[in-house]
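Here's the letter readout for the chains.
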Number of protein chains: 2
Amino acid sequence: MRPYYEDTKAGIVIYHGDALDVLPHLSGVAGVVTDPPYSSGGAFRGDRTNATLAKYISTDSSRQDTLDDFTGDNRDQRSFMAWAALWLNGARNAAVPGAVLVSFIDWRQLPTLTDSVQAGGWVWRGIAPWSKKFGRPRAGGFSSACEYIVWGTKGPLHEHQVYPPGIFECSAEGDREHIAQKPEAVMRWALQPVPHIGSILDPFMGSGTTLRAAKDMGFPAIGIEMSEKYCEIAAKRLAQEVMAL
Amino acid sequence: MRPYYEDTKAGIVIYHGDALDVLPHLSGVAGVVTDPPYSSGGAFRGDRTNATLAKYISTDSSRQDTLDDFTGDNRDQRSFMAWAALWLNGARNAAVPGAVLVSFIDWRQLPTLTDSVQAGGWVWRGIAPWSKKFGRPRAGGFSSACEYIVWGTKGPLHEHQVYPPGIFECSAEGDREHIAQKPEAVMRWALQPVPHIGSILDPFMGSGTTLRAAKDMGFPAIGIEMSEKYCEIAAKRLAQEVMAL
DNA sequence: GCCGAGAATGAATCCATCC
DNA sequence: AGGATGGATTCATTCTCGG
């Protein structure tokens with residue numbers, strides 16, 4: 001297990017590889033905080049099997065040229081369920097008792113993910129919406145203005161003196177290097193329930209927002225990412241000093 | 001099918017009885033907008049006297065503490081699923097093509113309800129949170145500050161020129177005659193996607209907030225309620241004139 | 001530096017066409 | 001027949017840029 005990047009002083013490690021391969025080697029995790037590929041993007045099978053750029057970026061956008069596709073986003077619901085149960089179980093094995101799981105998901109896969117969370121051995125504790133205030137409008141129906149956190153714990157809840165709000169409002173970020181990149185403020189919210197009894201793990205690191213927020217909040221952190229390009233981007237972001245909050 | 005209450009001029013009807021008995025007699029419904037009993041309590045109480053842990057204790061002691069929440073609700077969840085599929089199917093039969101379904105639910109039953117909606121023949125279209133702003137704070141975990149709308153349609157979406165927001169913020173009502181009573185503003189939000197091609201149906205009317213909002217928005221409406229006491233309360237609320245919005 | 005107008009954007013969605 | 005492709009559509013918010 002050779003890290004792609006390591007910052008011993010801050011306790012930050014990045015592994016370049018598949019989460020399912022790397023997870024068995026990890027331990028001491030207090031919080032699994034991540035944003036897995038949703039395998040979503042449309043009611044029709046054809047839509048879902050599209051490349052991520054075609055699925056998630058509006059056709060008239062110039063972003064098509066500047067962002068990259070990512071892989072592993074084409075599972076159907078049953079294999080998404082099975083795959084998610086696998087990485088969730090792997091992450092739970094790396095976690096200490098009382099550890100917290102926080103995973104983002106969209107509305108379409110939310111019910112499947114809550115099943116996977118429990119199948120992976122976590123105690124499902126709830127849902128919390130991230131409100132982007134206004135999604136793309138939809139004539140005759142509710143716009144999908146939110147993404148969701150599904151959260152749980154390894155065994156009993158490790159009660160400590162934090163009271164994270166059950167909903168978080170924050171508009172989506174303008175400048176992004178990854179299609180699904182989330183604002184750091186959102187990730188800091190997601191990290192709030194994690195007790196300081198170990199490190200933060202993000203098995204689907206992407207451009208490294210989770211690790212960046214973890215570092216700024218004083219957590220050691222481990223990231224796993226399949227794409228070398230994003231490993232590089234994340235390493236650059238993490239090489240910077242702690243940011244003032 | 002004798003109505004408990006009827007206002008011919010406004011097209012408001014209340015039936016006193018069980019939804020599953022009344023639904024087969026109805027038709028011309030453009031919107032099913034309701035707030036069903038969430039827990040499988042009341043009529044569908046499972047056998048909770050079973051020691052849930054005793055049934056599922058595994059020899060892997062590390063998993064015992066993770067199982068309490070997972071297994072506790074299983075039986076109730078399955079009967080909730082079956083029962084909800086029944087009334088959802090019945091309501092769909094009473095609905096016109098393009099009709100909209102809007103059902104409130106809490107986080108715990110949300111995944112079960114999305115299954116039931118599809119089992120009942122509706123096209124599941126999404127989720128929309130109602131944020132109550134102040135959930136009960138919870139040490140070490142996200143407060144549950146939201147209830148959720150699960151919505152869908154009977155066949156293709158009947159596009160019309162409304163753009164309902166995908167999230168609605170409104171504090172829970174102070175004065176209530178029913179435990180689960182929701183503010184009228186919330187119900188008016190829930191009614192927004194319903195096209196004016198028929199009536200509003202609430203199979204679990206309670207104190208009649210849905211019908212009151214429907215009347216104020218110019219919809220004919222049908223309510224069903226098992227408890228005579230709430231039939232009476234709702235009839236009183238509906239006897240009042242249309243309220244200014 | 002502030003303000004207002006105009007342009008760009010969104011982990012979309014749906015459908016007609018084309019292979 | 002069924003999967004892949006491309007275009008049209010929507011508006012509150014955010015961003016850009018000029019005055």
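Residues numbered from 1 in each chain as written. Chains lettered and ligands numbered in written order. Predicted model: local features only at pLDDT ≥ 70, side-chain atom pairs only at ≥ 80, totals over all residues. Heavy atoms only, no water.

(A) Quick look at the interface of chain B and chain A. Between chain B and chain A, the contact holds 44 residues from the first and 46 residues from the second. Of all residues in chain B, W107(B), G140(B) and F142(B) give up the largest surface area on contact with chain A, accounting jointly for 19% of the area buried on that side. The interface formed by chain B and chain A contains 9 residue pairs in polar contact (both at pLDDT 80 or more). Only α4 (67-72), α6 (110-119), β5 (123-131), β6 (146-153) and α7 (184-191) of chain B provide two or more residues apiece to the side of chain B that touches chain A. (Contact = heavy atoms within 4.5 Å. Buried area = accessible area lost by both parts, 1.4 Å probe. Polar contact = N/O pair within 3.5 Å; in protein donor to acceptor, adjacent residues only side chain to side chain. Helix = DSSP H or I, 4+ residues; strand = E, 2+ residues; numbered from the N terminus.)

(B) Fine view of empty space enclosed by the protein. Counted under the stated rule, the structure contains 1 cavity of 30 Å³ or more. Approximately 30 Å³ is the volume attributed to the largest cavity. If you go around the largest cavity, the residues you meet are W107(A), R138(A), F142(A), S143(A), S144(A), R125(B), G126(B), I127(B) and W151(B). Per element, the largest residue contribution to the lining of the largest cavity is 3 residues, and it comes from β5(B). Of the residues in the lining of the largest cavity, the class split is 4 nonpolar, 3 polar and 2 charged. (1 Å grid on protein atoms, 1.4 Å probe; cavity = no way out; pocket = protein on both sides within 12 Å on 5 of 7 lines; lining within 4 Å. Points joined across faces, edges and corners; volume = space filled by probe spheres on them. Nonpolar A, V, L, I, M, F, W, Y, C, P; charged D, E, K, R; others polar.)

(C) View of the pattern of salt bridges. Residues and elements named next belong to chain A. Counted according to the given criterion, the structure contains 20 salt bridges over all chains. Put simply, D7 and K215 hold a salt bridge, and the shortest N to O gap is 3.9 Å. A residue pair is termed long-range when its members are at least 10 positions apart, and D7 in strand β1 (residues 5-7) and K215 in helix α7 (residues 209-216) qualify at 208 residues. A network of salt bridges, in which partner residues are shared, links D35, K132, E147 and K182. (Salt bridge = Lys/Arg side-chain N within 4 Å of Asp/Glu carboxyl O.)

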